[in-house]
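What the coordinates show
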Amino acid sequence: MISAVDFAVFVTVALFSAVASVSARKTLYAVLWQVQTAAAVSGLMVCLNARFIAFALLSTAVSVFLTFLTFALIIFDASKREGDSEKGKGAFFAAMVVLPAAECAWLFSRLPSGEGALASGDFSFAALGMLLYSHYAVCLIAAALVLTGTMVGVTTLMMNKKDDARAHVLSDPVEGKTELRRLPVERRSL
Amino acid sequence: MTVEPAHMMLAAFLLASIGVWGILCRRSDPMRCLASVQLIFWGAALNFVTGASLFGDVSGTVFALFAVCVTAAQAATALTLFYLYYKKRSEVSRKDDAL
């Protein structure tokens, strides 16, 4: 198992960031705290020698949350809700850069020495691959089907052009106003 | 002093509990709900990895990998629902403007 110092550092950061991400008032801050939580959990996994899982978790979390952040900012129009001072914002973003950098530096400083800090024995990608394609082949296929189904569903929902075209015709404000203007004229001529 | 597996499992439990608390407290905010569900998944993945490290078996890591995959799929679906909601909302506001 890992040493108490590594555990204390990463668990403290992970739990504090998780609480902050749930309780933060602004979506932007919540998302950044969530990414911070992902980094800390990945650090714990690296300490447990599950480096591949740590990389997968961090990459998916960061990509998902940055995409969501962009979309949430578009939907909820965050620029109109700004209330923080420039100094406060700068300090927060600096902390969001410094904290993961400090975690990475901590891991790098601990990894080469390894005296009781990290679990012994390297994680084997070959063993993971063999296990995935032998014992857990059915699970792997199920997971692949779930992911493929999700992608197909997402693409189908996004590419629904028929509904798009109908909505455009029904809801075009210029068209609607033109129709309202034309209507009395047509009635008079009849 | 070394860390026992129980400590790691307690940390995973706390992470999942924070996720449950987030879902219960922030039900009206879909973004926070998604973040809370992710916290629960990460707690589960951490538990799997701890088990794999404890028993020296890679199977726990495999299941953690599946948990990460399911999280990614769930996030993609949620993103689509967000997009459809956004499209529907802008459609309704355009109809209101037209009327």
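Residues numbered from 1 in each chain as written. Chains lettered and ligands numbered in written order. Predicted model: local features only at pLDDT ≥ 70, side-chain atom pairs only at ≥ 80, totals over all residues. Heavy atoms only, no water.

**A word on the overall build of chain B**
To keep it simple, the criterion reads: The way it works is that DSSP assigns letters per residue, a run of H or I at least four long becomes a helix, a run of E at least two long becomes a strand, and they are numbered from the N terminus. Restricting the calculation to C-alpha atoms gives the radius of gyration, and the globule rule supplies 2.2 Å times the number of residues raised to the power 0.38. Only protein chains enter the accessibility calculation, which uses a 1.4 Å probe; a residue whose area is less than 20% of its type maximum is buried, one above 50% is exposed, and one in between is partly exposed. When checking whether two residues touch, look at their non-hydrogen atoms; a contact exists if any pair is within 4.5 Å. The accessible surface values rely on the Shrake-Rupley method and a 1.4 Å probe; as for residues, cover is taken only from the protein chains in view. A residue counts as positive if it is Lys or Arg and as negative if it is Asp or Glu; His and the chain ends are not included. By convention, the point assigned to a charge is CZ for Arg, NZ for Lys, CD for Glu and CG for Asp.
For chain B, the count of helices and strands is three helices and zero strands. In sequence order, the secondary structure elements of chain B are arranged as α-α-α. Relative to the globule expectation of 13 Å for 99 residues, the C-alpha radius of gyration of chain B, 19 Å, shows a markedly less compact shape. If one aligns the C-alpha atoms of chain B with their principal axes, the spans along those axes are about 70 × 25 × 15 Å. Going through the 99 residues of chain B one by one, you find that 46% of them count as buried. Across chain B, every contact between residues at least 6 apart in sequence was considered, and the portion connecting residues at least 24 apart equals 54%. When the accessible area of chain B is evaluated, it comes to approximately 4800 Å², of which 69% is carbon and sulfur surface. Taking the average location of the 8 positive side-chain charges in chain B and that of its 6 negative ones, the two points are 10 Å from each other.

**Brief notes about the interface of chain B and chain A**
Rules: Once two parts are put together, the accessible area they lose, assessed with a 1.4 Å probe and summed over both, is termed the buried area. One speaks of a salt bridge when a side-chain nitrogen belonging to Lys or Arg is within 4 Å of a carboxyl oxygen belonging to Asp or Glu. Nitrogen and oxygen atoms within 3.5 Å of one another constitute a polar contact, given that in protein one can donate a hydrogen and the other can accept it, and given that sequence-neighbouring residues count only through two side-chain atoms. Under the grouping applied here, Gly and all other residues not named as nonpolar or charged are polar, the nonpolar ones being Ala, Val, Leu, Ile, Met, Phe, Trp, Tyr, Cys and Pro and the charged ones Asp, Glu, Lys and Arg.
Tallying the contact residues gives 57 residues for chain B and 65 residues for chain A. Buried area between chain B and chain A, both sides added, is near 5500 Å², and the carbon and sulfur share of it is 81%. One can count zero salt bridges joining chain B with chain A. On inspection of chain B and its partner chain A, the count reaches five residue pairs in polar contact (both at pLDDT 80 or more). Mapped by element, the contributors of at least two residues to the side of chain B that touches chain A are helix H1 (5-25), helix H2 (30-55) and helix H3 (59-98) of chain B. With 29 residues, H3(B) is the single largest residue contributor to the side of chain B that touches chain A. Its residues placed into classes, the side of chain B that touches chain A shows 37 nonpolar, 11 polar and nine charged.

**Remarks on the packing of helix H1 (residues 4-23) of chain A against helix H2 (residues 27-47) of chain A**
All names here are of chain A. Threshold: Every angle, taken between N-to-C directions, lies between 0 and 180 degrees, and every axis is a line fitted to C-alpha atoms, over only the stretch in contact when it is a helix. When an angle is under 35 degrees it counts as roughly parallel; over 145 it counts as roughly antiparallel; between 65 and 115 it counts as roughly perpendicular; any other value is oblique. The handedness criterion is simple: a crossing whose near helix is rotated anticlockwise from the far helix by less than a right angle is left-handed, and one whose near helix is rotated clockwise is right-handed.
Here H1 crosses H2 at 155°, and the two axes come no closer than 8 Å. Overall, the two elements H1 and H2 adopt an arrangement that is roughly antiparallel. Handedness of the H1/H2 crossing: left-handed. Facing Asp6, Phe7, Phe10, Val11, Val13, Ala14, Phe16, Ser17, Ala18, Ala20 and Ser21 of H1, the residues of H2 in contact are Ala30, Trp33, Gln34, Gln36, Thr37, Ala40, Val41, Gly43, Leu44 and Cys47. Looking at side-chain class alone, the contact of H1 with H2 contains 14 nonpolar, six polar and one charged residues.

**Remarks on the nonpolar core**
We count it as follows: Definition used in this section: a nonpolar core is a set of buried Ala, Val, Leu, Ile, Met, Phe, Trp, Tyr and Cys residues joined via side-chain atoms within 4.5 Å.
Among the nonpolar cores identified, the biggest contains 56 residues, and Val41(A), Met45(A), Phe68(A) and Trp42(B) are the most heavily contacted of them. Judged by nonpolar contacts, the second largest core, of eight residues, contains Ala20(A), Tyr29(A), Leu32(A) and Trp33(A).

**What about a nonpolar patch on the surface?**
Residue and element names in this part refer to chain B. The condition is simple: A patch is a set of surface residues, each over 30% in relative accessible area and not in a salt bridge, joined within 9 Å for like charges and within 5 Å for the nonpolar side chains Val, Leu, Ile, Met, Phe, Trp and Tyr.
Side chains of Met9, Leu54 and Phe55 sit close together on the surface and give an oily, nonpolar patch of about 310 Å² of accessible area. Of note, Met9 is situated in helix H1. The exposure class of Met9 is partly exposed, given its relative accessible area of 33%.

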